[in-house]
Amino acid sequence: MNDNALPPCPECSGAYAYEMGALLVCPECGHEWTPAAAAETGDTSQERVIKDSVGNVLADGDTVTVVKGLKVKGHPTGIKAGTKVRNIRLVDGVDGHDIDCKIDGFGAMQLKSSVVRKG
């Protein structure tokens, strides 16, 4: 019937999802989701590629270098160009801040990939 056309459960990958009104339901784990939400989250996670200022693809755990001086609220000097940032984590941040990191002397913060260079 129409069970073959339904996507697997995003939680447990169960193949027995069924429709209940506007929702899809997994009888194996009880997860409920909308078909549109499943399509959106699946597409964005697969196509998400974050590149640095010169076009290198970034990945979690990379070491990057800040390419221009950055002002930081509440700090008199800011982050200087050439500062190394180790063990970055890629996130969906606010206003294009897609790198979560910890910088010595500044603590945890988010940076934009356009102001860093891999290596």
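Residues numbered from 1 in each chain as written. Predicted model: local features only at pLDDT ≥ 70, side-chain atom pairs only at ≥ 80, totals over all residues. Heavy atoms only, no water.

- Going by an unreviewed UniProt entry, the chain carries the name Zinc ribbon domain-containing protein YjdM and comes from Streptomyces polychromogenes.
- A UniProt comment under Sequence similarities (unreviewed entry) is attached to the chain, and it reads "Belongs to the YjdM family." (UniProt positions renumbered as here; feature names shortened; annotations may be inferred.)

1. Let's talk about the overall build of the chain
Reasoning step 1: Check the secondary structure of the chain and you find one helix and nine strands.
Reasoning step 2: When the helices and strands of the chain are placed in sequence order, the string is β-β-β-α-β-β-β-β-β-β.
Reasoning step 3: When the 119 residues of the chain are sorted by exposure, 26% land in the buried category.
Reasoning step 4: Residue pairs at least 24 apart in sequence account for 36% of intrachain contacts in the chain once pairs closer than 6 positions are excluded.
Reasoning step 5: Surface exposure of the chain reaches about 8,000 Å², of which carbon and sulfur atoms provide 50%. (Helix = DSSP H or I, 4+ residues; strand = E, 2+ residues; numbered from the N terminus. Buried < 20%, exposed > 50% of the residue type's maximum accessible area, 1.4 Å probe, protein only. Contact = heavy atoms within 4.5 Å. Areas by Shrake-Rupley, 256 points an atom, 1.4 Å probe, with all protein chains shown as cover.)

2. A word on the layout of surface pockets
Any empty space left between atoms is shown by rolling a water-sized probe over those atoms.
Reasoning step 1: Approximately 160 Å³ is the volume found for the largest pocket.
Reasoning step 2: In terms of lining, the largest pocket is formed by Leu-70, Lys-71, Val-72, Ile-79, His-97, Met-109, Gln-110, Leu-111, Lys-112 and Val-115.
Reasoning step 3: By residue class, the composition of the lining of the largest pocket is six nonpolar, two polar and two charged. (1 Å grid on protein atoms, 1.4 Å probe; cavity = no way out; pocket = protein on both sides within 12 Å on 5 of 7 lines; lining within 4 Å. Points joined across faces, edges and corners; volume = space filled by probe spheres on them. Nonpolar A, V, L, I, M, F, W, Y, C, P; charged D, E, K, R; others polar.)

3. Digging into the sheet that holds strand E1 (residues 18-20)
Working definition: the strands of a sheet are paired by backbone hydrogen bonds and lie parallel or antiparallel to each other.
Reasoning step 1: Pairing in this open sheet of three strands is antiparallel, and the strands run E1-E2-E3 from one edge to the other. In the strand order of this sheet, the two ends are held by E1 and strand E3 (32-33), each with one partner.
Reasoning step 2: Note: strand E2 (residues 23-25) against E3, two bridges, orientation antiparallel. Among the inter-strand pairings, Val-25 is bridged to a residue of E3, identified as Glu-32. (Pairing = 2+ DSSP bridges.)

4. Section: the side chain of Asp-52
Reasoning step 1: Residue placement: Asp-52 occurs in the loop between helix H1 (35-47) and strand E4 (64-66).
Reasoning step 2: Of note is the side chain of Asp-52, whose polar atom sits 3.1 Å from the backbone nitrogen of Val-54.
Reasoning step 3: At 2.7 Å, the side chain of Asp-52 and the backbone nitrogen of Lys-118 are in polar contact.
Reasoning step 4: Aside from chain neighbours lying at most four places away, what touches Asp-52 is Leu-58, Ser-113, Val-116, Arg-117 and Lys-118. (Polar contact = N/O pair within 3.5 Å; in protein donor to acceptor, adjacent residues only side chain to side chain.)

5. Quick word on the sheet that holds strand E8 (residues 107-112)
Reasoning step 1: Reading across the sheet, the three strands line up as E6-E7-E8 and stay open at both edges, with antiparallel pairing between neighbours. In this open sheet, the two strands that pair with only one neighbour each are strand E6 (89-90) and E8.
Reasoning step 2: With six bridges connecting them, strand E7 (residues 97-103) and E8 associate as antiparallel partners. Note that in E8 the partner of Cys-101 across the bridge is Met-109.

6. Focus: the nonpolar core
Reasoning step 1: Counting residues in each nonpolar core, the largest one holds 16 residues, and the members touching the most others are Val-85, Ile-99, Cys-101 and Leu-111.
Reasoning step 2: Counting residues per element, this core draws most heavily on E7, at three residues.
Reasoning step 3: Excluding its chain neighbours within four sequence positions, the residues that come into contact with Cys-101 are Val-85, Ile-88, Gly-107, Ala-108, Met-109 and Leu-111.
Reasoning step 4: Judged by nonpolar contacts, the second largest core, of six residues, contains Leu-6, Leu-24, Cys-26 and Trp-33. (Core = buried A, V, L, I, M, F, W, Y, C linked by side-chain atoms within 4.5 Å.)

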